[in-house]
Amino acid sequence: MTWFLDHVPQVWSLLVTHAVLAALPLLLGLLVAVPLGWLARRYPRLYPPVVAVTGLLYTIPSLALFILMPLVIGTGILDPRNVVVALTLYTVALLVRTVADGLAAVPDHVLQAATAMGIGPLRRFLAVELPLAVPVIASGLRVAAVSNVSIVSVAALIGVPQLGSLFTDGFARAFLDPIVVGIVASVLLAAAFDLAILAGSRALTPWVRARGAR
Amino acid sequence: MITFTDVTKVYPDGTIAVGGLSLTAPTGRITVLVGPSGCGKTTSLRMINRMIEPTSGSIAIDGRDTATLNATELRRGIGYVIQSGGLFPHRTILDNIATVPLLLGWDKRRARATALDLLERMGLDPALARRYPNQLSGGQQQRVGVARALAADPPVMLMDEPFSAVDPQVRDQLQDEFLRLQAELGKTIVFVTHDIDEAVKLGDQIAVLRVGGTLAQLASPDRLLADPADDFVADFLGRDRGYRGLAFAPAPALPLRREPTVLLGSTADAARAAAAGETWLLVVDAAGAPVGWVEPDRLAGVVTASDLHRGGTVARVGGSLRAALDAALSAPSRRGVLVDESGRLAGTVRAHEVLEAIEREGPGGP
Ligand SMILES: Nc1ncnc2c1ncn2[C@@H]1O[C@H](COP(=O)(O)OP(=O)(O)OP(=O)(O)O)[C@@H](O)[C@H]1O
Ligand SMILES: [Mg+2]
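Only a predicted model underlies this, so the values are computations on that prediction, with no experimental measurement involved.

(A) Layout of the overall build of chain B. Within chain B, the regular secondary structure consists of 14 helices and 16 strands. The C-alpha extent of chain B, read off along each of the three principal axes, is 75 × 55 × 30 Å. Expressed as a percentage of the 366 residues in chain B, the buried residues total 47%. Here the analysis covers contacts within chain B between residues at least 6 apart in sequence; of these, 61% occur between residues at least 24 apart. Accessible surface for chain B amounts to roughly 16500 Å². Of this, 49% is attributable to carbon and sulfur atoms. On chain B, the mean spot of the 39 positive side-chain charges and the mean spot of the 43 negative ones are 5 Å from each other.

(B) Representation of the sheet that holds strand S12 (residues 281-284) of chain B within the structure. Residue and element names in this part refer to chain B. On the basis of which strands lie adjacent, the open sheet formed by 3 strands has the order S11-S12-S13 and mixed pairing. For this open sheet the edge positions go to strand S11 (261-263) and strand S13 (290-294), each flanked by a neighbour on one side alone. Direction aside, neighbouring strands of the sheet carry axes that sit 35° apart on average. Both S11 and S12 contribute to a ladder of 3 bridges, which runs parallel.

(C) Representation of the domain arrangement of chain B within the structure. Domain parsing of chain B yields domain 1 (2-246) and domain 2 (261-361). Relative placement of domain 1 of chain B and domain 2 of chain B: their C-alpha centres are 39 Å apart.

(D) Structural detail: the interface of chain A and chain B. Listed by partner, the interface residues are 22 residues for chain A and 25 residues for chain B. With both chains or domains summed, chain A and chain B bury close to 2100 Å², and 64% of this area falls on carbon and sulfur atoms. Applying the counting criterion to the chain A and chain B interface returns 0 salt bridges. Taken together, the links from chain A to chain B amount to 4 residue pairs in polar contact (both at pLDDT 80 or more). Sorting the residues of the side of chain A that touches chain B by element identifies helix H6 (108-116), helix H7 (121-152) and helix H10 (206-210) of chain A as the ones contributing at least two each. Counting residues per element, the side of chain A that touches chain B draws most heavily on H6 of chain A, at 7 residues. Within the side of chain A that touches chain B, the residues separate by chemical class into 14 nonpolar, 5 polar and 3 charged.

(E) Spotlight on the sheet that holds strand S10 (residues 214-219) of chain B. Residue and element names in this part refer to chain B. If you walk across this open sheet you meet the 6 strands as S6-S7-S8-S3-S9-S10, and the pairing is mixed. Each edge of the sheet is formed by a strand with only one pairing partner; in this case those strands are strand S6 (78-82) and S10. When strand polarity is set aside, the average angle formed by the axes of neighbouring strands in this sheet is 15°. Strand direction decides the pairing type here: strand S3 (residues 30-34) and strand S9 (residues 205-210), joined by 4 bridges, are parallel. Looking at the pairing, Thr31 lines up with Gln205 of S9. Helix-sheet contacts for helix H6 (residues 138-150) involve S6 and strand S7 (156-160), and the interaxial angle to S6 is about 165°.

(F) Expanded view of the packing of aromatic side chains. Applying the stated rule across the entire model yields 8 aromatic pairs over all chains. Taking the centre distance of 5.4 Å and the plane angle of 80° together, the rings of Tyr58 of chain A and Tyr90 of chain A count as edge-to-face. Here the residue Tyr58 of chain A occupies a position in the loop between helix H3 (47-57) and helix H4 (62-73), and Tyr90 of chain A occupies one in helix H5 (residues 80-104), the gap between them amounting to 32 residues. According to the relative accessible area criterion, Tyr90 of chain A is buried, its value standing at 2%. Considering the side-chain rings of Phe232 of chain B and Phe236 of chain B, the 6.3 Å spacing of their centres and the 20° angle between planes classify their relative orientation as stacked. Remark: Phe236 of chain B and Phe232 of chain B occur in helix H10 (residues 231-237); sequence separation between them is 4 residues, near one turn of the helix.

Criteria and thresholds
- Residues numbered from 1 in each chain as written.
- Chains lettered and ligands numbered in written order.
- Predicted model: local features only at pLDDT ≥ 70, side-chain atom pairs only at ≥ 80, totals over all residues.
- Heavy atoms only, no water.
- Helix = DSSP H or I, 4+ residues; strand = E, 2+ residues; numbered from the N terminus.
- Buried < 20%, exposed > 50% of the residue type's maximum accessible area, 1.4 Å probe, protein only.
- Contact = heavy atoms within 4.5 Å.
- Areas by Shrake-Rupley, 256 points an atom, 1.4 Å probe, with all protein chains shown as cover.
- Lys, Arg positive; Asp, Glu negative; His and termini not counted.
- Charge placed at Lys NZ, Arg CZ, Asp CG, Glu CD.
- Pairing = 2+ DSSP bridges.
- Axes fitted to C-alpha atoms, helices over the stretch in contact; angles between N-to-C directions.
- Domains from an automatic or database assignment.
- Buried area = accessible area lost by both parts, 1.4 Å probe.
- Salt bridge = Lys/Arg side-chain N within 4 Å of Asp/Glu carboxyl O.
- Polar contact = N/O pair within 3.5 Å; in protein donor to acceptor, adjacent residues only side chain to side chain.
- Nonpolar A, V, L, I, M, F, W, Y, C, P; charged D, E, K, R; others polar.
- Phe/Tyr/Trp six-rings, centres within 6.5 Å; stacked < 30°, edge-to-face > 60°.

Now the structure itself:
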């Protein structure tokens, strides 16, 4: 406990880095997953390959991905961009299927009505399909957020500082305090992400809670 | 006016949904497409607004071939109502109704004012405007669906079984309101149903289709019932078509009898005196409107609402022979109750008297 009180500024800065490294890939991953999910939904023949290939990405061990990234995108070995790109891939892996399934769950009669009223395909996607898929997409985002928060720590092994550094640090010095603080901070961060996404989803979907409240 | 000229639709799997359909839906009238499941009603309807493209043949609206028009603009000028409502679950009722006006670029205030106005015209409480579709009953959702289709005042409306998902009583009510609205608006409507009774009630003309999407008969409801073109049409119309045809019979003057009555709340003695030995006595309210029948011999104390036998239907003077006959057949006394325009008792008529009127000048004949 005294260790923590002595290192509050340092832990805080690691926490902020950790948060950014986990959140940025979440946004980028969503931006990539939405069009891919749309493709998989729009062209049923693309669904199996797209979902299978993106899903496979998640099975690549994170440490291997972090180490391989510099070779693939030409960054330095300590560059945090490696972590961002790698986690974006994981986010895409988790989200493409969710987005496709969320879009598929939009009732057909609603789509037919939209078309019949003269709403073009792009507008229909942005104004009808995507908003209606928000609850499903948000549930996928929550999974990806927690997964990202936990995977970011691994990047400590390749020297990108964030909360994971507390684990390597504590381990190297056989000192428990930083490890406990790191775990608690990670859990709190994951919970904060989860709540933020839940709150965002609820704000975007007032109609879901209106159900039954006649 | 919507004109189908030799329209065929063959789906990629080889299904012939519509086979060489030619017909005209006149301006300002309701044309009903009716037929068994799978006979191509929905396909025909969706070819009008090009949600489905015909394989061959052409469809013209007021002489303009729809294939030459921009599909999106064409659709914005055609109201479309479907069975399940198709309302946007994530938009409020008001925003749902305002959809097409906003697409057409109306300013927000005008679109919302129009939407609110339509909401009321459809008999819905303006307080519903801010709700979401899942907070409405099925009947209310269908009304909103119709309001949404009407919002930009399109000259043409396509309706695909719009009332078939609600219970019979609500359906009846929706149909009546729909007819009242159409009398005001005079839209060119193509209406799909598989319910011949609905077709007969709503249609100015009825197109009976057979599986394969060919036209079996195109006629007004009374001609259809009186003179089915072939066995298929006759079977489809059902057995009691003679009786249903009475709904269109010109109303001859029926010999009305004066009916003794008693006021609701009168004493049993007063009722027995009025009945003068008859088993059944008609009860009226203070306004003179018939409310039901009672058996004076079974009364104790005063005539209350709970004593009333309410089985009898009530027909209007000058209404259809079907309604008059039904009133006679459904009354426990076998005396059919007829009322005037304001709902006051006009008199009663017996079944044989209605039948005599039918024989004299009613419908049918070969
Ligand atoms: N997309 C499609 N692909 C292949 N066949 C289709 C398609 N849509 C409809 N059909 C077939 O075309 C025929 C006509 O269908 P349609 O939906 O127009 O019938 P309907 O008269 O509206 O029937 P219902 O009363 O059941 O609604 C049916 O045999 C149906 O199975
Ligand atoms: Mg149909």
